[in-house]
Amino acid sequence: MNIEIATSLGTSVATLGGGCFWCLEAAFVQLQGVESVVSGYAGGATENPDYHSICTGRTGHAEVVEVRFDPAVIDYRTLLLAFFAVHDPTTLNRQGNDIGNQYRSVIFTHDAEQERIARELIAELGASDTWPNPIVTAVSPAPTFWRAEDYHQNYYANNPHQGYCQAVVAPKAAKLRKVFAGRLKNN
Ligand code: MHO
């Protein structure tokens, strides 16, 4: 994309679910061009969901992150490549030991262009031998985003020694740094 045009676009938003939102947040905040990452819930049936209710799996919400980014610095496709680098898109309603539809892999698109890019990338990755099993990531229009409770924001930064953070979040954040070494903040 022409840089001048991209700059004039300002900030774009991506809404992505790929398991526990602590993981996605910890990964995405490291990328150049990512201006903010907010953890929340989307795609369910109830208003104002809270963590307790979405954990039952019965509200239908996915844990998601709302990523604001500068498309002149990082484009949507690259953001999705990061998304696919830090979660397994082939396990239905599951990421590792986290099981339930709140952990589903989903791309909530904000316009037709995002949808096109997402579908093309999924087709491309599906045709590669990146994963032995088919990609189950859903692509659907972004519904209402419900911000999660404050204690879920910046969770990894605030709780680096918590057991789950050390076992699950840290390796994902590290994988992002490895795969996107040239695109990290403070680089
Ligand atoms: N199994 C983890 C998931 C956390 S995440 C915010 C836990 O219950 O701590 O879903």
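First, a word on what this report is: a plain description of the structure on this page. (Residues numbered from 1 in each chain as written. Predicted model: local features only at pLDDT ≥ 70, side-chain atom pairs only at ≥ 80, totals over all residues. Heavy atoms only, no water.)

### Things to note about unusual backbone geometry
Here comes step 1: The phi dihedral of Asn48 falls on the positive side, at around 45°, and the residue is not glycine.
Here comes step 2: On the secondary structure map, Asn48 appears in the loop between β2 (34-42) and α3 (51-54).
Here comes step 3: Given the relative accessible area of 59%, Asn48 is considered exposed.
Here comes step 4: Located in the positive-phi region is Asn154, a residue other than glycine, with phi close to 55°.
Here comes step 5: Residue position: Asn154 is located in the loop between β8 (145-147) and α6 (155-158).
Here comes step 6: Judged by relative accessible area, which is 40%, Asn154 ranks as partly exposed. (Helix = DSSP H or I, 4+ residues; strand = E, 2+ residues; numbered from the N terminus. Buried < 20%, exposed > 50% of the residue type's maximum accessible area, 1.4 Å probe, protein only.)

### Some words on the site of the ligand
Here comes step 1: Residues in contact with the ligand, as listed here, are Cys20, Phe21, Trp22, Tyr51, Glu63, Asp98, Tyr103 and Tyr164.
Here comes step 2: A distance of 2.7 Å separates an oxygen atom of the ligand from a polar atom in the side chain of Glu63.
Here comes step 3: Contacts to the ligand include Tyr103, whose side-chain N or O atom sits 2.9 Å from an oxygen atom.
Here comes step 4: Coverage of the ligand by the protein amounts to 75% of the 310 Å² it exposes when considered alone. (Near = heavy atom within 4 Å. Polar contact = N/O pair within 3.5 Å; in protein donor to acceptor, adjacent residues only side chain to side chain. Areas by Shrake-Rupley, 256 points an atom, 1.4 Å probe, with all protein chains shown as cover.)

### Some remarks on the environment of Asn186
Here comes step 1: With respect to the helices, strands and loops of the structure, Asn186 is situated in the segment after α7 (163-179).
Here comes step 2: For the pair Asn186 and Tyr164, spaced 22 residues apart in the sequence, the C-alpha separation amounts to 26 Å.

### Quick look at the pairing of strand β1 (residues 12-18)
In the case of a regular strand, side chains alternate between the two sheet surfaces.
Here comes step 1: Extensive coverage of β1 is indicated by the burial of seven of its seven residues.
Here comes step 2: Alternating residues of β1 divide into Ser12, Ala14, Leu16 and Gly18 and Val13, Thr15 and Gly17, and every residue in both groups is buried.
Here comes step 3: Bridge count for β1 against strand β3 (residues 62-69) is five bridges, and the pairing is antiparallel. From the neighbouring strand, Thr15 faces β3, where its bridge partner is Glu66.
Here comes step 4: Inspection of the sheet shows β1 paired to strand β6 (residues 105-109) by four bridges, in the antiparallel sense. In the strand pairing of β6, Leu16 is matched with Ile107. (Pairing = 2+ DSSP bridges.)

### Here's the deal with the nonpolar core
Here comes step 1: Within the largest apolar cluster, 46 residues are counted, with the highest numbers of intra-cluster contacts made by Leu16, Phe28, Leu31, Leu79, Leu80, Phe84 and Ile107.
Here comes step 2: Breaking this core down by element, the ones donating at least two residues are β1, α2 (21-28), β2, β3, α4 (76-85), α5 (112-127) and α7.
Here comes step 3: Apart from residues lying up to four places away in sequence, Phe84 is in contact with Pro89, Ile107, Leu121, Ile122, Leu125, Trp131 and Thr137.
Here comes step 4: Val38, Ala42, Ala62 and Phe108 belong to the second-largest nonpolar core, a separate cluster that totals seven residues. (Core = buried A, V, L, I, M, F, W, Y, C linked by side-chain atoms within 4.5 Å. Contact = heavy atoms within 4.5 Å.)

By themselves these figures say nothing about function.
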